[in-house]
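Overview (structure and organization)
The chain contents come next:
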Amino acid sequence: MRRVYVRELKPYSLREIAEESGTDLEESRRVIDRLMLRGVVRYRNVDAPDGADLSDETDAKPDELYVFNFVGMAMVGDLVLIAYPKYFRDRRPDNAEIAQLFRVLRRDSGRKTLVSLAGNGKRTPDRLPIMLALIDLYAEYGEYSNYVDTRELNGSGAIDWNRTIDGHLPFIGDGRPIYVEYETRKTLRDESDFITRLHRAVLAECSRELRDAGIADLLSIDVDGTPTSDEAVDDFGDVGDLEWRLGRERGSQFIDWKIATLELLAKYLLSRENDAEDREVEVLGTTSFYHLWEEACKTALGDRLDVRLDRLGISLADGWKGERSSTLLGIIPHPEWERWRDGGYGNAEETDTLIPDTISFVDEGGKSVFCIYDAKYYVPSLSGRMTRQPGLESVTKQFLYQAAYRPFVKDHGFDAVINAFLVPTCDDEPRKLARVSFPKVMGRVEPPFSNYIVMWALPVHYVFDAYLRGERIDGGVLIMVWESEV
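Note that the coordinates shown come from a computational prediction; the quantities given were computed from them, not determined experimentally.

When its secondary structure is counted, the protein shows 15 helices and 17 strands. In the protein, buried positions account for 47% of the 486 residues. Summed over its atoms, the accessible surface of the protein is roughly 25,300 Å², and 46% of this surface lies on carbon and sulfur atoms.

Encoded structure:
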């Protein structure tokens, strides 16, 4: 298998793709056509709206028509295409960074998403994420198996007194019954179980394909740890019969991981039945990597939006004790609409309101800081005219978030408010990039509130490490983000 590395949203010409992949122009066009059908590649958009992060599109040459609107892996024939994120501006990510990226992608996909890939009877050509989910489930829980309860005469298991008393005569000693023979319980795994054998054969096939494709290392998969099988998946019968048997087993199963395994097996078998043309492209990744960055930042920065006020770890001011069961999201005021009818305005009705990205608290050096973060998957320009930065709508909303929390911040004595856009960088240290103000429209505010939104570049490896652990980022990194602004 040949590996080709491309950068998300970087414009490429057909000739460049052919050179990178070691194919001729005709073969490269066929590959691009297949990837465009899957949404991995699109044509360069020269008329994108203002404020959009176009990455390198504005500087593209006329023949550089294609961009990879995707982060992840796509397998086309004997070609393994790795599309890495756009914030790697000056270099290609190393193996450790690629491995971390795929751990994040695999976590984000989640088993619940994977088992619904072929919902409503539709067949999915994406076997790769299903294969990985099956291997992950096996690594955590082992082989799917059923157990058979049997009885054994004078065995080492627990004595079944009901069967012993019903089936054996005791000797009487000192007025007490003594059983010389007794029945014991024994639980055996049914090694011949059909589903167990099918599961083993599918796992062996998945491991073999990942090993042959040479991508197990990228995905941090231990293919040598999966079971082997002397049976081929095709030996178990046609898909219709297998679907019926898996469905019947599913109806009698109540253990979550076994249910997930059965559903994934059904999806995998369906995907094997797709036409060869549909199976030619295997994809693991996302066309909305911005969502991943947002979710990672929420975890790494200790988002408290959905935390009840009485569980924030602060002493609630008198005026807020009645709101103790509300959340930081729930206390944001709502716009009120009044419908005109019969010569007057009717009762006010609340509508949707502002929803911040991340709210966090930082306590350090005797100061309590209220942090309003907005994770932006942008790659801003570092010199010359400001480009590829958050647009007017984002700036306006960020100032409105601060206004919405004004009463809460004042009543609870916060020393400062930090309002920040957070963009990703592959550098090792956080870096302050710029700040924006809007005083003639928003008006000026006095401390502890801020007249600026600061834009910081956060190292993705710190953020993603915290996200994968499900923990808040190291406090020292957070302090670097806000201390110079307080």
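On to the sheet that holds strand β13 (residues 358–364), then. The strand order across the open sheet built from 5 strands is β13-β14-β15-β17-β16, with neighbouring strands paired in mixed fashion. Looking at which strands have only one partner, the edges of the open sheet turn out to be β13 and β16 (431–436). Neighbouring strand axes in the sheet, compared pairwise and without regard to direction, differ in orientation by 35° on average. Pairing analysis gives 7 bridges linking β13 to strand β14 (residues 367–375), with the strands arranged antiparallel. Bridge pairing in β14 links Ile359 to Ile372.

Next up on the list: the packing of aromatic side chains. Tallied over the full model, the rule gives 19 aromatic pairs. An angle of 85° between the planes, with centres 5.7 Å apart, marks the rings of Tyr12 and Phe68 as edge-to-face. You can see Tyr12 sitting in the loop between β1 (2–7) and α1 (14–21) and its partner Phe68 sitting in strand β3 (residues 66–68), a full 56 residues away along the chain. Taken individually, Tyr12 and Phe68 each receive the classification buried, so the pair is uniform in this respect. Ring centres of Phe361 and Phe370 lie 5.6 Å apart, and the angle between their planes is 40°; this geometry places the pair in the tilted category.

Turning next to the side chain of His199. For His199, the position within the fold is in helix α6 (residues 194–213). The class of His199 is buried, set by a relative accessible area of 1%. At 2.9 Å, the side chain of His199 forms a polar contact with the backbone nitrogen of Tyr144. Apart from the residues lying within four places of it in its own chain, the contact partners of His199 are Gly142, Glu143, Tyr144, Thr261 and Leu265.

Read from one edge of the open sheet, 4 strands run β1-β5-β4-β10, paired in mixed fashion. Whereas interior strands pair on both sides, the edge strands pair on one side only; in this sheet they are β1 and β10 (281–286). Between one strand axis and the next, the sheet turns by 10° as a mean value, whatever way the strands run. Bridging between strand β4 (residues 71–76) and strand β5 (residues 79–84) involves 5 bridges; their strand directions are antiparallel.

Next up on the list: the side chain of Ser381. Here Ser381 lies in the loop between β14 and α11 (392–404). With residues near it in sequence (within four places) discarded, Ser381 still touches Met386, Thr387 and Arg388.

The subject of this paragraph is the packing of α6 against helix α7 (residues 239–251). Any two packed helices are characterised by the angle at which their axes cross and by the distance between the axes. Packing of α6 against α7 leaves a shortest axis separation of 11 Å and a crossing angle of 120°. Between α6 and α7, the angle falls in the class oblique. Taken as a pair, α6 and α7 cross one another with a handedness that is left-handed. Counting all contacts with α6, which are made through Phe194, Ile195 and Leu198, the residues of α7 involved are Leu242, Arg245, Leu246 and Glu249. A class-by-class count of the residues in the contact of α6 with α7 yields 5 nonpolar, no polar and 2 charged.

What follows covers the nonpolar core. Note that soluble globular proteins tend to have their nonpolar side chains buried in a common cluster. Ranked by size, the top nonpolar core spans 80 residues in total, and within it Met73, Tyr87, Leu210, Ile215, Leu219, Phe289 and Trp293 carry the most contacts. Apart from the residues within four sequence positions on either side, Leu219 is in contact with Met73, Phe102, Arg106, Leu132, Leu210 and Leu284. In terms of nonpolar packing, the next biggest core, distinct from the first, is built from 22 residues, Leu316, Ile331, Ile359 and Tyr405 among them.

Counting buried positions along β4 yields 6 of 6 residues, so the element is predominantly enclosed. Neither face of β4 is left uncovered, since the one carrying Val71, Met73 and Met75 and the one carrying Gly72, Ala74 and Val76 both have all their residues buried. Here β4 pairs with β10 via 6 bridges, running antiparallel. Bridge pairing links Val76 to Val281 in β10. Here β4 hands over to β5 after 2 residues, with Gly77 in that stretch at a positive phi of 60°.

Basis of the calculations
- Residues numbered from 1 in each chain as written.
- Predicted model: local features only at pLDDT ≥ 70, side-chain atom pairs only at ≥ 80, totals over all residues.
- Heavy atoms only, no water.
- Helix = DSSP H or I, 4+ residues; strand = E, 2+ residues; numbered from the N terminus.
- Buried < 20%, exposed > 50% of the residue type's maximum accessible area, 1.4 Å probe, protein only.
- Areas by Shrake-Rupley, 256 points an atom, 1.4 Å probe, with all protein chains shown as cover.
- Pairing = 2+ DSSP bridges.
- Axes fitted to C-alpha atoms, helices over the stretch in contact; angles between N-to-C directions.
- Phe/Tyr/Trp six-rings, centres within 6.5 Å; stacked < 30°, edge-to-face > 60°.
- Polar contact = N/O pair within 3.5 Å; in protein donor to acceptor, adjacent residues only side chain to side chain.
- Contact = heavy atoms within 4.5 Å.
- Parallel < 35°, antiparallel > 145°, perpendicular 65-115°, else oblique.
- Left-handed = near helix turned anticlockwise from the far one by under 90°.
- Nonpolar A, V, L, I, M, F, W, Y, C, P; charged D, E, K, R; others polar.
- Core = buried A, V, L, I, M, F, W, Y, C linked by side-chain atoms within 4.5 Å.

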